[in-house]
Amino acid sequence: MGTRLNTLINEYIKGANKFFPELDFSSSFSMYAGNEPTSTKFEFGNHDAAIKNSLYRINSEQTFIHFTTIDSLFNILNTAQLRLYNLYNLNDPKEFRYALSNAGIKQNEINLEYYKRNMFLTSFCSYNMKEQDEDYNMWRLYGGDGNGVGLVFGIEDYQNHWNEVYFGKVHYGNSNEAFNNLKAFIDYHHSFNNDHKILDTYPTWIPVMCMLHKDKIWEIEKECRLFAFCPFDEYTFESNPGIKNYLMYDHINHCINKKGEKVAYTHIPLNLPKIKEEFQKKLKNIEGGAESLFSSFPHFKLKRIVLGYNLNKAAFNTMDYAYKIAKEKLGYSVEIFDSVFKKILQ
């Protein structure tokens, strides 16, 4: 890296740290004319620390509820996996554009399809296991109006350093502190690039952060998002995990959703004891290899299954079956509770 370029990148990172103190250098690729670079593709380290120590931070002691169908429940239990779908599977196809456009990023300045294809997510709401503070609106919107289930998860490793996987609190509208900080950072990026004309694109971390901002009309959701950036070739479907998050890169699958649209998904494992044992066997000759790989992705543990208030008798009677499957496939027991709305509405 040339001296001038090195100086400029260090200056850029120093300025970025005023907004996100944990951002650091990952890589750069430059085009040269003579001895000086004419443009540079720059990347921050896409790790989760910049979220964990920011306004997006969640309380690591919290638990989180994910609403889904009975069919999906049994799929999750039998595969011991929680899926993250790419952005083509979003209910609101314009959602990703919201933060970008409000933060001053023009659509012709960024490859929207690239990020919609390669960013994967799943959603939760905060949930207090003691108070059972379920949200009736979320049951209606995402829990099949009480005909589905709510899966309650805890996080066992929130302080670990995850690779290109993030979990954070969504902020709504464009007048809150988190959005103002992101907008100021993007303004700084524009100003720096106008002065030095060196960065030929946005660092991946900027559109990634836009995933934690939504229009105020969605504020009722009070959403927390688990999301990952896992690029793959749109023609061959091949991915190149390198030394990053091997586990998620290596498990990208493709299907057609209920709308007939082509989508992709990856997953995080829920059978953590078994996964840890597998890593230890595969990497037994590499000192610290198993521990490093095991700590590179979030450890979500299923703690409770909350039964929807409108579940029919047949579905309700399958829950003993679900309990046995969970214990065998996940390697631990899971509580099963009725929804707090069952007594109120029946």
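Our structure's up above, just so we're on the same page.
A.B. asks: I'd like a rundown of the overall build of the chain, residues and numbers included.
C.D. replies: Along its length, the chain carries 14 helices and 14 strands. Taking 2.2 N^0.38 as the reference for a compact globule, 346 residues should give roughly 20 Å; the C-alpha atoms of the chain span a radius of gyration of 22 Å, in line with that estimate. For the chain, the residues scored as buried account for 49% of the 346 residues in total. Taking contacts inside the chain between residues at least 6 apart in sequence as the whole, the part at least 24 apart equals 78%. Of the roughly 17100 Å² of accessible surface on the chain, a fraction of 49% belongs to carbon and sulfur atoms. For the chain, the distance from the average position of its 39 positive side-chain charges to the average position of its 41 negative side-chain charges is 4 Å.

A.B. asks: Kindly report on the pairing of strand E12 (residues 262-269), identifying the contributing residues and their values.
C.D. replies: Within a regular beta strand, the side chains point alternately toward one face of the sheet and then the other, so they alternate between its two faces. Most of E12 sits inside the fold, with seven of its eight residues counted as buried. Two elements, strand E4 (residues 81-86) and E12, share five bridges in a ladder whose sense is antiparallel. By the bridge assignment, Leu82 is partnered in E12 with Ile268. Two strands pair when backbone bridges link them, and strand E11 (residues 253-256) and E12 are joined in this way by four bridges, in the antiparallel orientation. Paired with Ile256 across the strands is Lys262, a residue of E12.

A.B. asks: Residue-level account of the environment of Lys262, with values.
C.D. replies: Residue placement: Lys262 occurs in strand E12. Note on Lys262: relative accessible area 69%, which makes it exposed. Distance from Lys262 to Tyr88, taken between C-alpha atoms, is 7.6 Å for residues 174 residues apart in sequence. Excluding its chain neighbours within four sequence positions, the residues that come into contact with Lys262 are Tyr88, Cys255 and Ile256.

A.B. asks: Can you break down the packing of aromatic side chains residue by residue, with the values?
C.D. replies: Going through the model one piece at a time under the given rule, you end up with 36 aromatic pairs. Ring geometry for Tyr309 against Phe341: centres 6.1 Å apart, planes inclined by 75 degrees, an arrangement best described as edge-to-face. Of this pair, Tyr309 sits in the loop between strand E13 (300-307) and helix H12 (313-316) while Phe341 sits in helix H14 (residues 341-345); the two residues are 32 residues apart in sequence, bridging distant segments of the chain. Cluster of aromatic residues (ring-pair linked, three or more members): Tyr12, Phe19, Phe20, Phe25, Phe42, Phe44, Phe185, Tyr188, Phe192 and Trp205. The cationic tip of Lys52 hangs over the ring face of Trp162; the distance from NZ or CZ to the ring centre is 3.9 Å.

What counts, and at which threshold
Residues numbered from 1 in each chain as written. Predicted model: local features only at pLDDT ≥ 70, side-chain atom pairs only at ≥ 80, totals over all residues. Heavy atoms only, no water. Helix = DSSP H or I, 4+ residues; strand = E, 2+ residues; numbered from the N terminus. Rg over C-alpha atoms; globule rule 2.2 N^0.38 Å. Buried < 20%, exposed > 50% of the residue type's maximum accessible area, 1.4 Å probe, protein only. Contact = heavy atoms within 4.5 Å. Areas by Shrake-Rupley, 256 points an atom, 1.4 Å probe, with all protein chains shown as cover. Lys, Arg positive; Asp, Glu negative; His and termini not counted. Charge placed at Lys NZ, Arg CZ, Asp CG, Glu CD. Pairing = 2+ DSSP bridges. Phe/Tyr/Trp six-rings, centres within 6.5 Å; stacked < 30°, edge-to-face > 60°. Lys NZ or Arg CZ within 6 Å of the ring centre and 35° of its normal.

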